[in-house]
Amino acid sequence: MRCPICKQPADMTPANRFRPFCSERCQMVDLGTWVDEGYRVPGAAVEDREHPDDFKKKPLH
Ligand SMILES: [Zn+2]
């Protein structure tokens, strides 16, 4: 059987924990979580940084 993602021959034995995919990479592609460009949203990183900055701005009385 071939990997449904990259169409390469995939190991379908229990030794391959990424079945029916050939590798973790193809499994991630199928799940849609491997799309690095879509995952790293610039706005998300900025938003993540705003919280510590906002905390620092507040005077610690
Ligand atoms: Zn594959």
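Residues numbered from 1 in each chain as written. Predicted model: local features only at pLDDT ≥ 70, side-chain atom pairs only at ≥ 80, totals over all residues. Heavy atoms only, no water.

A few words now on the overall build of the protein. In terms of regular secondary structure, the protein is built from three helices and zero strands. Order of helices (α) and strands (β) in the protein, N terminus to C terminus: α-α-α. For the protein, long-range pairs separated by at least 24 residues make up 5% of all intrachain contacts whose partners lie at least 6 apart in sequence. Surface summary for the protein: the accessible area is close to 5500 Å², and the carbon and sulfur share equals 56%. (Helix = DSSP H or I, 4+ residues; strand = E, 2+ residues; numbered from the N terminus. Contact = heavy atoms within 4.5 Å. Areas by Shrake-Rupley, 256 points an atom, 1.4 Å probe, with all protein chains shown as cover.)

Protein-derived coordination of the zinc ion comes from Cys3 (SG), Cys6 (SG), Cys22 (SG) and Cys26 (SG), at a distance range of 2.3 Å. In this structure, the zinc ion is surrounded by four donor atoms whose angles at the metal cover 102 to 119 degrees, and the resulting shape is tetrahedral. Within one chain, the residues serving as donors to the zinc ion are arranged as C-x2-C-x15-C-x3-C. Assessed through its relative accessible area of 1%, Cys26 is described here as buried. (Donors = N, O, S within 2.8 Å, 3.2 Å for Na, K, Ca; no water. Tetrahedral: all angles 85-135°; square planar, octahedral: opposite > 155°, others 65-115°. Buried < 20%, exposed > 50% of the residue type's maximum accessible area, 1.4 Å probe, protein only.)

Glancing now at the confidence of the model for the protein. Averaged over every residue, the pLDDT of the protein is 77; residues scoring 70 or more account for 54%. Here helix H2 (residues 36-39) stands out as the least confident element of the protein, with mean pLDDT 55; helix H1 (residues 24-31) is the most confident, with 90. (pLDDT = per-residue confidence, 0-100.)

Before going further, it helps to spend a moment on the side chain of Asn16. With respect to the element layout, Asn16 can be found in the segment before H1. One polar contact links the side chain of Asn16 to the main-chain carbonyl oxygen of Phe21, over a distance of 2.9 Å. In this structure Asn16 touches Asp11, Phe21 and Cys22, once residues within four positions along its chain are discounted. (Polar contact = N/O pair within 3.5 Å; in protein donor to acceptor, adjacent residues only side chain to side chain.)

Quick look at unusual backbone geometry now. Apart from glycine, the bulk of residues carry a negative phi angle, and the bulk of peptide bonds sit in the trans form. A cis amide bond links Arg19 to the next residue, Pro20, at an omega of -5 degrees. As for its placement among the helices and strands, Pro20 is situated in the segment before H1. Located in the positive-phi region is Lys7, a residue other than glycine, with phi close to 65 degrees. For Lys7, the position within the fold is in the segment before H1.

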